[in-house]
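As a plain string of letters, each chain reads:
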Amino acid sequence: MGNAELRSIHLYPVKAFRGITPREAAVEPWGLAGDRRWVLIDDGGKVVTQRQQPRLALAAAEPGPGGGVRLTAPGRDPITVPVPQPGGTMTLDIFGTKVEAVPADDTAHAWCSGHLGADVRLVHMDDPATRRPVDPDYALPGETVSFADGFPLLLTSDASLDSLNSLIAEGDHADEGPLPMNRFRPNVVVAGTPAWAEDDWSRVAIGEVTFRVAKMCGRCVVTTTDQATAERGKEPLRTLGRHRRFGSQLVFGQNLVPESTGTIRLGDPVTILE
């Protein structure tokens, strides 16, 4: 395990949009700085992701000035959305949890609605330190998370993807593989570990920053969505269902909660602490 290292970093400024792959990122208590601080909601206040709208894969978000975002999508003029003024929060529903957020301006709503052909609004998490607790079954008091699915960071490994792709190649839908890592929308990807080694980790360090492994990551239909075309297939869920079923969940990757803050960089050593 001495040669394990951080292979890539992935940030998604707007949840469910295509993200960016920086060479380094600051780790905050609730996740990577700038990760999933923005999200779309429907006219009923429910969070919209690629689960409902696979076309979100075709829209891209990059960090803009002062925490804002620059949005691009095929056939649409780019738009830069500033962080909204404080105050005037609204309540949204993210997987059954009520969270306060601040709506962006009307031009942002119109741009996002035009891309999807559906009425949506873009909102911003103004204070990630207080807005949304991590699931108390897996959290320590006071731990919070952005608009990520449930935990501050998601870790995957190159070796596990290689193993999964080998299994897909042996299955009924071999023509769908090999799958790229972007299907799994991780934050950090580790190289130099055995396949599935991460199943047994409970604490890790990436460079100077330490993390608790909170739980395995159960996967959903988003993983079947081609992130370049927004088209859906059967894999990897069919193969995960045969080979990676843990209870009711189909598992790929591990959810992390930071124990400390700092900066992680490509090539940082990954150390298994427990």
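All values reported here derive from a predicted model rather than from experimental measurement. (Residues numbered from 1 in each chain as written. Predicted model: local features only at pLDDT ≥ 70, side-chain atom pairs only at ≥ 80, totals over all residues. Heavy atoms only, no water.)

What to know about the layout of surface pockets
Empty space within the largest pocket amounts to approximately 740 Å³. What lines the largest pocket is a set of 34 residues, among which Arg51, Phe95, Ala148, Asp149 and Gly150 lie closest to the centre. The set of elements that each furnish at least two residues to the lining of the largest pocket consists of β12 (153-157), β15 (209-218) and β17 (249-258). Sorting elements by how many residues they give to the lining of the largest pocket places β15 first, with four residues. In this structure, the second largest pocket encloses a volume near 160 Å³. Considering the residues around the second largest pocket, the lining is formed by 13 residues, among which Gly34, Arg37, Trp38, Gly67 and Gly68 are closest to the centre. Tallied by class, residues from the lining of the second largest pocket come to seven nonpolar, five polar and one charged. (1 Å grid on protein atoms, 1.4 Å probe; cavity = no way out; pocket = protein on both sides within 12 Å on 5 of 7 lines; lining within 4 Å. Points joined across faces, edges and corners; volume = space filled by probe spheres on them. Helix = DSSP H or I, 4+ residues; strand = E, 2+ residues; numbered from the N terminus. Nonpolar A, V, L, I, M, F, W, Y, C, P; charged D, E, K, R; others polar.)

A look at helix α1 (residues 106-116)
Within an α-helix, residues lying three or four positions from one another point in the same direction, as the helix has 3.6 residues per turn. Restricting attention to buried positions, one finds in α1 the residues Ala108, His109, Trp111, Cys112, Ser113, His115 and Leu116. The first or second residue beyond α1 is Gly117, which carries a positive phi of 65°. (Buried < 20%, exposed > 50% of the residue type's maximum accessible area, 1.4 Å probe, protein only.)

Here's the deal with the packing of aromatic side chains
The tally for this structure, following the rule as stated, stands at three aromatic pairs. Between the NZ or CZ atom of Arg76 and the centre of the ring of Trp111, over which it lies, the distance is 5.6 Å. One cation-aromatic arrangement involves Lys215 over Tyr138; the distance from NZ or CZ to the ring centre is 5.6 Å. (Phe/Tyr/Trp six-rings, centres within 6.5 Å; stacked < 30°, edge-to-face > 60°. Lys NZ or Arg CZ within 6 Å of the ring centre and 35° of its normal.)

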